[in-house]
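Below, each chain spelled out in residue letters.
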Amino acid sequence: MKIRTLALAACAAAAMTAIALPAAAQGNGKIKVGLMLPYTGTFAALGTAIENGFRLYIAEQGGKLAGREIEFVKVDDESNPAKATDNVNKLVKRDNVDVLVGTVHSGVAMAMAKVAKDTGTLLIVPNAGADAVTGAMCSPNIFRSSFSNWQPGYAMGEVMAKKGHKTAVTITWKYAAGDESVGGFKDAFQKAGGKVVKELSLPFPNVEFQALLTEIAALKPDAVYTFFAGGGAVKFVKDYAAAGLKKSIPLYGAGFLTDGTLNAQGADADGLLTTLHYGDSLGTPRDNAFRLAYAKAYKLQPDVYAVQGYDAAQMLAAGLGAAKGNVSNKAAFTEGIRKARIDSPRGAFMLSKSHNPVQDIYLRQVGDKENKVIGVASKALADPARGCRM
Ligand code: PHB
């Protein structure tokens, strides 16, 4: 009797474990990917480009990675940090996804990283640059296919100092991405003897720039460094030109300022210099093939977000391949991504010890509705991964 009771209890426990286990570990064949991205708001187009890129790579593999079909569960995170923990918990606890992929906004990504760290769920971040994701929050199960906010900022600090600018004003949204992009910029600009005379900001995702532009005109710095992206970047570039500042005070930025935005910005973006890990005119066979395939599939030109989505899928493929399609073999999965050389359209890269791409940061200039690559601002730049113990 006692033995029977024990056996029943063991069966019940096993059944419960099976229910709690993610789909692929239950052996139903499909890998369940939880896509948490913005599909509304100022970053909506960025979310779509990431998903497009992600799906393109999987389609190129015949719809399967490591022999497993891929199934998607999608959440619109609205770039809203207040809803982020609930949204990610839905994917992890209700939908039992095998892998989380997201997101764009650094504040939302921080909530995703926290849940991923606490639950051990695999997470691939296809944009958000929050330094802590591969810094203080770094974890064996968290990876990034994009950049840290520090990286393009640091590269631009060197560029602006080399151009002879001695003073700068910074302007951005007041949240992790803006603060950290400016932080990277200051690290390099100040090291080279430059002075940041004022740090201006406004709450995310506000676009009432007028008072701040008036302040820039009064401060008369040698140059301006900025981080804006998506819809906000479109408006900022247009407002900067309309205020008459473009002619008098050169504007520079992390490349998001002009990526995926050029059709809407028109001539107001012409000539702008930005730094980023991708550009429109790399001209490599790998990038040419990617651009052609993307344009064919979506009737759209790809941008940096599409590349990051594509590479997130490549990283997933590397992990799954090493784990022979068994996502519950997290050690093999992790090792597979860590050792992978990702054949990215941006140029091949590998991950740092903290799981952030070590990559060239290009200097780009806007012309003919393209971010033309005019040089490498920083070769094989690695994020300092402050606070990462791994
Ligand atoms: C971020 O919040 O980390 C972020 C958002 C949009 C970008 C880049 C970074 O284009």
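These numbers come from a predicted model, not from an experiment. (Residues numbered from 1 in each chain as written. Predicted model: local features only at pLDDT ≥ 70, side-chain atom pairs only at ≥ 80, totals over all residues. Heavy atoms only, no water.)

Overview of the state of the cysteines
- Per the counting criterion, the structure on display carries one disulfide.
- Across the disulfide, C138 is cross-linked to C388 (sulfur-sulfur distance 2.2 Å). Because the torsion about its S-S bond is 90°, the bridge between C138 and C388 counts as right-handed. Within this pair, whereas C138 is found in the loop between strand 5 (122-125) and strand 6 (142-144), its partner C388 is found in the segment after strand 14 (370-381), the two being separated by 250 residues in sequence. Across the pair, exposure class does not vary: C138 and C388 are buried alike. (Disulfide = S-S within 2.5 Å. Helix = DSSP H or I, 4+ residues; strand = E, 2+ residues; numbered from the N terminus. Buried < 20%, exposed > 50% of the residue type's maximum accessible area, 1.4 Å probe, protein only.)

Focus: the domain arrangement of the protein
- Partitioning the protein into structural domains gives domain 1 (6-147 + 283-355) and domain 2 (150-276 + 364-381).
- Of note, the centres of domain 1 and domain 2, computed from C-alpha atoms alone, are 30 Å apart.
- Contact residues are listed per partner, giving 15 residues for domain 1 and 18 residues for domain 2.
- Carbon and sulfur atoms supply 62% of the area that domain 1 and domain 2 bury against each other, a total of about 1,200 Å² over both sides.
- Ranking the residues of domain 1 by area buried against domain 2 places T42, D131 and F147 at the top, with a combined share of 40%.
- The interface formed by domain 1 and domain 2 contains five residue pairs in polar contact (both at pLDDT 80 or more).
- Those elements that place two or more of their residues in the side of domain 1 that touches domain 2 are helix 4 (106-119) and helix 12 (304-322).
- When its residues are assigned to classes, the side of domain 1 that touches domain 2 shows six nonpolar, seven polar and two charged. (Domains from an automatic or database assignment. Contact = heavy atoms within 4.5 Å. Buried area = accessible area lost by both parts, 1.4 Å probe. Polar contact = N/O pair within 3.5 Å; in protein donor to acceptor, adjacent residues only side chain to side chain. Nonpolar A, V, L, I, M, F, W, Y, C, P; charged D, E, K, R; others polar.)

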